[in-house]
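Here's the letter readout for the chains.
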Amino acid sequence: MSLMGKRVRSYRKAYVAGAAVLAAASMLLAGCGEAPTASTASGSSSSSSVNPDIDVSAYTKIIDSGATADSSTVGANTWAAAIKKAGVLKVGGTKTSTLFSLQSTSDNKIRGFDAGLSQLLAKYIIGKADTQLTVVDSSTRESVLQNGTVDSVFATYSITSERKEKVDFAGPYYVSQTGILVKKSNTDISSVKDLNGKKVGVQEGSTGADIVAKNAPKATVEQFQTDAEITQALRQGRIDAYVVDESLLLGDVVKNPNDFKIVGKPFGDKDPYGIGLPKGSDATKFVNAWLKKIEADGTWAKLWKVTIGDRTGVTDVPTAPTIE
């Protein structure tokens with residue numbers, strides 16, 4: 001899985017025509033923060049109300065209204081106290097994730113569901129939404145935490161037992177499942193079983209390769225560094241399909257409604273997203289308490305609506321997943 005500035009305006013009309021594809025392909029759940037099948041996306045609105053641009057004013061209001069912890073709460077936690085002293089929350093994230101963390105071409109600010117959560121956490125700790133972004137991809141998220149480059153990672157970061165050996169996680173704050181993206185003209189692939197015998201692109205370092213091997217063992221897996229590289233390969237016909245969390249694929253369709261479509265039902269294990277934190281620190285307890293707070297006071301739901309719901313046509317706000 002936007003704020004695309006001037007580029008969005010050039011294809012806004014094309015998007016409206018393709019918005020029905022979004023509703024039919026897959027949206028984000030009303031029930032558990034999960035990506036549903038088309039049949040469960042009953043909260044989808046009409047295409048005329050869908051706008052891929054983020055409402056900057058509404059987004060800014062949410063961040064500015066975020067709670068600030070009292071000094072004793074921050075001071076009691078070593079990890080949070082160090083961030084407050086530094087005056088900035090160092091975040092590993094992205095600038096190119098349409099719905100989760102995208103840099104504006106007009107003001108260079110980064111907005112989205114993940115970006116907003118990181119800014120709200122900074123506001124809670126420091127009193128200001130001051131973050132410093134280090135761009136990461138699926139192969140570098142652990143290392144930036146291990147070497148102290150960042151304090152946290154907000155990057156649609158799937159919680160796995162293997163990753164838990166290297167870093168700690170707060171959350172989950174969102175749950176997705178795996179989806180399949182193909183060219184809009186593709187008629188050969190309509191389900192995961194159809195991936196057998198096909199060339200399938202996945203992100204290097206992600207769970208995609210294992211998921212494809214388990215569900216379509218006769219597929220040929222090709223790994224790429226970034227979402228942009230995979231969608232380009234798909235557009236050029238060098239691969240037949242792209243497999244990754246469906247929430248990310250939805251962002252690709254929002255950006256390219258005339259090029260791509262999501263096919264089949266979400267499959268594989270539930271994919272919980274967590275906030276990556278330094279291994280062995282006292283960060284997890286602090287961040288989980290903050291997550292519970294923003295879920296209880298409605299901030300999580302407001303942020304989801306502005307960053308995802310309003311831009312994809314889903315009107316039923318999902319229930320946040322249970323924090324571990």
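Residues numbered from 1 in each chain as written. Predicted model: local features only at pLDDT ≥ 70, side-chain atom pairs only at ≥ 80, totals over all residues. Heavy atoms only, no water.

Undergrad: Teacher, can you tell me more about the overall build of the protein chain here?
TA: Counting secondary structure elements, the protein chain contains twelve helices and eleven strands. About 13,400 Å² of surface is accessible on the protein chain, with carbon and sulfur atoms providing 49% of the total. (Helix = DSSP H or I, 4+ residues; strand = E, 2+ residues; numbered from the N terminus. Areas by Shrake-Rupley, 256 points an atom, 1.4 Å probe, with all protein chains shown as cover.)

Undergrad: Help me understand helix α5 (residues 113–126) in this model?
TA: Since the α-helix turns once every 3.6 residues, residues separated by three or four places project in the same direction. For α5, built from 14 residues, the straight-helix expectation of 20 Å at 1.5 Å per residue is met to within 8% by its first-to-last C-alpha distance of 20 Å. Counting buried positions over the 14 residues of α5 gives 14, a clear majority of the element. Following α5 by one or two positions, Gly127 has its phi on the positive side, about 100 degrees. (Expected span 1.5 Å × (residues − 1). Buried < 20%, exposed > 50% of the residue type's maximum accessible area, 1.4 Å probe, protein only.)

Undergrad: Is there a simple way to explain the nonpolar core in this structure?
TA: The nonpolar side chains of a soluble globular protein tend to be buried, and buried together. One finds Trp79, Phe113 and Trp290 to be the most contacted residues of the largest nonpolar core, which totals 58 residues. Here this core gets nine residues from one element, more than from any other, and that element is α5. Among all residues touching Trp79, those that are not within four sequence positions of it are Leu89, Leu121, Ile125, Asp151, Leu277, Pro278, Ser281, Asp282, Ala283, Phe286 and Val287. Within the second largest apolar cluster, 14 residues are counted, among which are Val182, Val212, Ala216 and Val263. (Core = buried A, V, L, I, M, F, W, Y, C linked by side-chain atoms within 4.5 Å. Contact = heavy atoms within 4.5 Å.)

Undergrad: Just to check I follow, could you spell out the sheet that holds strand β9 (residues 220–224) for this structure?
TA: Sheet strands associate in pairs through backbone hydrogen bonding, adopting either a parallel or an antiparallel arrangement. Taking strand neighbours across the sheet as the criterion, the eight strands line up as β5-β1-β6-β11-β7-β10-β8-β9 in an open arrangement whose pairing is mixed. The sheet is open, and its two borders are formed by β5 (131–135) and β9, each paired with just one other strand. Taking the axes of each pair of neighbouring strands and ignoring which way they run, one obtains an average angle of 25 degrees across the sheet. Across two bridges, strand β1 (residues 89–93) lies against strand β6 (residues 152–158) in parallel orientation. Bridged to Val91 within β6 is Ser152. (Pairing = 2+ DSSP bridges. Axes fitted to C-alpha atoms, helices over the stretch in contact; angles between N-to-C directions.)

Undergrad: Sorry, what's going on with empty space enclosed by the protein here?
TA: Over the atoms rolls a probe the size of a water molecule, and its path tells where empty space is left. Space inside the second largest cavity adds up to approximately 30 Å³. What lines the second largest cavity is simply Gly66, Ala67, Leu120, Trp290, Ile294, Asp297 and Thr299. Its residues assigned to classes, the lining of the second largest cavity shows four nonpolar, two polar and one charged. (1 Å grid on protein atoms, 1.4 Å probe; cavity = no way out; pocket = protein on both sides within 12 Å on 5 of 7 lines; lining within 4 Å. Points joined across faces, edges and corners; volume = space filled by probe spheres on them. Nonpolar A, V, L, I, M, F, W, Y, C, P; charged D, E, K, R; others polar.)

Undergrad: Would you mind going over the layout of surface pockets with me for this structure?
TA: By volume, the second largest pocket amounts to about 410 Å³. Every residue lining the second largest pocket is counted, 21 residues in all, and those nearest its centre are Lys109, Ile110, Gln119, Ala129 and Thr131. Grouping the constituent residues of the lining of the second largest pocket by class yields eight nonpolar, eight polar and five charged.

Undergrad: I keep staring at the environment of Trp304 and nothing clicks. Help me out?
TA: You can see Trp304 is positioned in helix α12 (residues 299–312). Residue Trp304 is classed as buried on the basis of its relative accessible area of 0%. It is 9.6 Å that separates the C-alpha atoms of Trp304 and Asp114, two residues lying 190 residues apart in sequence.

Undergrad: Looking at this model, I keep getting lost on the pattern of salt bridges. Mind explaining?
TA: Should the charged atoms of two oppositely charged side chains come close, the side chains can pair. Scanning all chains against the criterion turns up seven salt bridges. As a salt-bridge pair, Asp130 and Lys128 come within 3.5 Å of each other at their nearest N and O atoms. Notably, a salt bridge pairs Lys279 with Asp168, separated by 3.5 Å at the nearest N-O pair. Here Lys279, found in the loop between β11 (260–277) and α11 (283–296), pairs with Asp168, found in strand β7 (residues 168–183); they are 111 residues apart in sequence, far enough to count as distant. Overall, Asp168 belongs to the buried group, its relative accessible area being 15%. (Salt bridge = Lys/Arg side-chain N within 4 Å of Asp/Glu carboxyl O.)

Undergrad: So what exactly am I meant to see when it comes to the side chain of Ser101 here?
TA: Here Ser101 shows up in strand β3 (residues 101–103). The exposure class assigned to Ser101 is buried, which follows from its relative accessible area of 5%. Those residues in contact with Ser101 that sit more than four places away from it in its chain are Thr94, Lys95, Thr96, Ile110, Arg111, Gly112 and Ala115.

Undergrad: Which parts of the structure should I look at to understand the packing of helix α4 (residues 78–86) against α5?
TA: Two packed helices can be described by the angle between their axes and the distance between those axes. Axis separation between α4 and α5 bottoms out at 9 Å; the angle between their running directions is 90 degrees. Classified by the interaxial angle, the pair formed by α4 and α5 is roughly perpendicular. On α5, the residues touching Trp79, Ala80, Ile83 and Lys84 of α4 are Leu121, Ile125 and Ile126. Looking at the contact of α4 with α5 residue by residue, the classes come out as six nonpolar, no polar and one charged. (Parallel < 35°, antiparallel > 145°, perpendicular 65-115°, else oblique.)

Undergrad: Can you help me understand the sheet that holds strand β4 (residues 110–111) in this one?
TA: Strand order across the open sheet formed by three strands is β2-β3-β4, with antiparallel pairing between neighbours. Of all strands in the sheet, those with a lone pairing partner are β2 (96–97) and β4, marking the two edges. Inspection of the sheet shows β3 paired to β4 by two bridges, in the antiparallel sense. Counterpart to Gln103 in the pairing with β4 is Ile110.

Undergrad: Can you help me understand α12 in this one?
TA: Taking 1.5 Å of rise per residue, 14 residues should cover 20 Å, and α12 covers 19 Å from first to last C-alpha, within 8% of that figure. At Lys305, α12 shows its largest bend, some 50 degrees. The buried fraction of α12 is high, at ten of 14 residues. Residues of α12 that are buried: Thr299, Trp300, Leu303, Trp304, Val306, Thr307, Ile308, Gly309, Arg311 and Thr312. Positive backbone phi, approximately 90 degrees, marks Gly313, located one or two places after α12. (Bend = angle between axes of the 7 residues up to and from the residue.)

Purely spatial values, then, with no claim about function.
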